[in-house]
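Below, each chain spelled out in residue letters.
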Amino acid sequence: MYVCLCKGVTDKAIKQKVAEGLCTMRELKLCLGVGSQCGKCSCQAAQILHNELVAEHNHAAAEDLATPAA
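These notes cover the structure that comes with them. No experiment lies behind these values; they were computed from the predicted model shown. (Residues numbered from 1 in each chain as written. Predicted model: local features only at pLDDT ≥ 70, side-chain atom pairs only at ≥ 80, totals over all residues. Heavy atoms only, no water.)

### Here we look at the overall build of the protein chain
In step 1: Scanning the protein chain for helices and strands turns up 3 helices and 2 strands.
In step 2: Each helix and strand of the protein chain, ordered N terminal to C terminal, gives the series β-β-α-α-α.
In step 3: Buried positions account for 23% of the 70 residues belonging to the protein chain.
In step 4: Contacts in the protein chain between residues at least 24 apart in sequence constitute 48% of all its contacts with a sequence separation of at least 6.
In step 5: Within the structure as shown, the protein chain displays about 4900 Å² of accessible surface, and the carbon and sulfur contribution to it stands at 56%. (Helix = DSSP H or I, 4+ residues; strand = E, 2+ residues; numbered from the N terminus. Buried < 20%, exposed > 50% of the residue type's maximum accessible area, 1.4 Å probe, protein only. Contact = heavy atoms within 4.5 Å. Areas by Shrake-Rupley, 256 points an atom, 1.4 Å probe, with all protein chains shown as cover.)

### As for the nonpolar core
In step 1: If you look at the biggest cluster of nonpolar residues, it comprises 13 residues, and the most contacted ones within it are Val3, Val9, Ile14, Leu28, Leu32 and Val34.
In step 2: When contributions to this core are tallied by element, the ones reaching two or more residues are strand 1 (2-4), helix 1 (11-19), helix 2 (25-32) and helix 3 (42-66).
In step 3: Per-element accounting of this core gives the leading share, 3 residues, to helix 3.
In step 4: Once residues lying within four places of it in the same chain are set aside, the contact partners of Ile14 are Val3, Val9, Leu28, Leu32, Val34, Ala45, Ile48 and Leu49. (Core = buried A, V, L, I, M, F, W, Y, C linked by side-chain atoms within 4.5 Å.)

### Re helix 1
Three- or four-residue spacings in an α-helix give side chains the same orientation, since the helix completes a turn every 3.6 residues.
In step 1: Listed as buried for helix 1 are Asp11, Ile14 and Val18. Down the axis of helix 1, the sector holding all buried residues measures 60°, keeping them to one side. Of the exposed residues in helix 1, those oriented more than 90 degrees away from the buried face are Lys12 and Ala19.
In step 2: Positive backbone phi, approximately 120°, marks Gly21, located one or two places after helix 1. (Arc of directions from axis to C-beta.)

### Topic: the pattern of salt bridges
Side chains that differ in charge, positive against negative, can pair when their charged atoms come close.
In step 1: With the rule as written, the count across this model stands at 2 salt bridges.
In step 2: Notably, a salt bridge pairs Asp11 with Lys15, separated by 3.9 Å at the nearest N-O pair. Taken as a pair, Asp11 and Lys15 lie in helix 1 at a separation of 4 residues, close to a single helical turn.
In step 3: On the basis of relative accessibility, which here comes to 13%, the residue Asp11 falls in the buried class.
In step 4: The class for Lys15 is partly exposed, based on a relative accessible area of 34%. (Salt bridge = Lys/Arg side-chain N within 4 Å of Asp/Glu carboxyl O.)

See the structure below:
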């Protein structure tokens, strides 16, 4: 779905950038232009960013628990 109509940014694009290592709204704005025009997308983009960072953290924590002790 489109999050930023001004720049044509989708939720998938935001998720991809988070997977590539971006972790702040400032980085998303510089890379994708999210929130740089009218700003109406900023809250939704921030929520997607937050959800993806939490999901990555939970996934990494689950992998740590799943590995056998040395």
